[in-house]
Amino acid sequence: MREYKDRINAQKQDYYKDRFYHAPQTNKVSIIGSEFEYLYNEFQNIIPISNSFVELDIAVFFINKEDNLKALRLAKDLGFTSFTELICSDFLAKDNSYEVQYLLLNMTKKQRIRIVTTCKANETIESGVCVFKGLNWSEREAYDMLGINFINHPNLKRLLMPDDWFDHPLKKSYPLQGDEFAQWYEIDRIFGKDYREVVGPENRDAGRVDCDDTNNFSRIYHEVPKGAEPISIAYKQEYQEDEGVMFVKKIKRADSKYIDGRR
């Protein structure tokens, strides 16, 4: 393992300004009196809830990490049988913790909930794969990218990065341009160190991504033809419960379109 130089919150030192759109704060309303009040009553009877509200038509519950499995099972029993996403955030500089959010969907009632908990950097959190199999991939990704340790996960290994990669690239302390080792990782593996001067270091400058550049950057839900002016209005966005694509259980090959090659 190579020596690593400490770069606390290195991503704050980015040299590009106003690179990303900062969405305004959303309204949070009381869950009491909302369509989710029955959920609040069910949860608080079984699990301590430190905070709750409704945000963007989604019920949000904050719980202790020791109750995550209990909360997932309860939500599943209440009809939230579809796991849609796992969101993890780095708050290590603030209080040495990660925030873990489970997003679940009730297809029958067309309701969504977000179960939120926190986990200290030196702690572990119980894997939820035994409740929702879809968490298998998401928890591995969270481990690989942020270093969150999910215990009792069936296969908690690196998912995207090589096995010998140092640290976790989505931590805020991780350098935006990668560290010295990252610049030469693939060059050394593919060509050998003797070719460093011939090939040159890898460019890991995340600032090269320009969301207004429609020649080289695809804007999800804001797609325009190549080279056209970017648009701010989102479209093509579908939700499963609003006549969107449900679940693809079997691919009909006769309806598939085969692409001969890349342009």
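This is a predicted model, so every value here is computed, not measured.

*Asks:* Is there a simple way to explain unusual backbone geometry in this structure?
*Replies:* The phi angle of most residues is negative, glycine excepted, and most peptide bonds adopt the trans form. Residue Lys-110 is not a glycine yet carries a positive backbone phi of 55 degrees. Mapped onto the elements, Lys-110 comes out in the loop between strand S5 (97–106) and strand S6 (111–120). Lys-110 sits in the exposed class, given a relative accessible area of 52%. Phi angles above zero are rare outside glycine, and Asp-167 is one such case at about 70 degrees. Topologically, Asp-167 is positioned in the loop between strand S8 (149–151) and helix H5 (180–190). Owing to a relative accessible area of 14%, Asp-167 belongs among the buried residues under this scheme.

*Asks:* How should helix H1 (residues 37–44) be read in this particular structure?
*Replies:* Because the α-helix completes a turn every 3.6 residues, residues three or four places apart line up on one side. Considered for burial, the residues of H1 that qualify are Leu-39, Tyr-40 and Phe-43. Buried residues along H1 cover an arc of 100 degrees about the axis, so they all sit on one side. Tucked into the core, H1 has its buried residues touching strand S2 (51–55), strand S3 (58–62), helix H2 (68–77) and S6.

*Asks:* For this particular structure, what's the right way to read the pairing of S5?
*Replies:* Two faces, one strand: in a regular strand the side chains alternate between the faces of the sheet. Summarising burial for S5: 10 of the 10 residues are buried, a large majority. Here S5 shows a buried face lined by Ser-97, Glu-99, Gln-101, Leu-103 and Leu-105 and a second buried face lined by Tyr-98, Val-100, Tyr-102, Leu-104 and Asn-106. The pairing of strand S4 (residues 82–91) with S5 spans 9 bridges and is classified as antiparallel. If you follow Leu-86 over to S5, its bridge partner there is Tyr-102. The pairing of S5 with S6 spans 10 bridges and is antiparallel. In the strand pairing of S6, Gln-101 is matched with Val-116. Linking two consecutive strands that pair antiparallel, namely S5 and S6, is a turn of 4 residues; a positive phi of about 55 degrees is found at Lys-110 within it.

Calculation notes
- Counting from 1, residues in each chain are numbered in the order their sequence is written.
- The predicted nature of this model means local features are confined to residues of pLDDT at least 70 and side-chain atom pairs, given and counted, to a pLDDT of 80 or more, with totals for whole chains, interfaces and linings taken over all residues.
- The side-chain figures draw on all heavy atoms in the structure; neither hydrogens nor water molecules are used.
- The helix count covers DSSP runs of H or I at least four residues long, the strand count covers runs of E at least two residues long, and both are numbered beginning at the N terminus.
- Throughout this description, buried means an accessible area under 20% of the type-specific maximum (1.4 Å probe, protein chains only), exposed means over 50%, and partly exposed covers the range between.
- What the arc measures is the spread of directions leading from the helix axis to the C-beta atoms.
- Any pair of residues with heavy atoms lying within 4.5 Å of one another is described as a contacting pair.
- When DSSP locates at least two bridges between a pair of strands, those strands are taken to pair.

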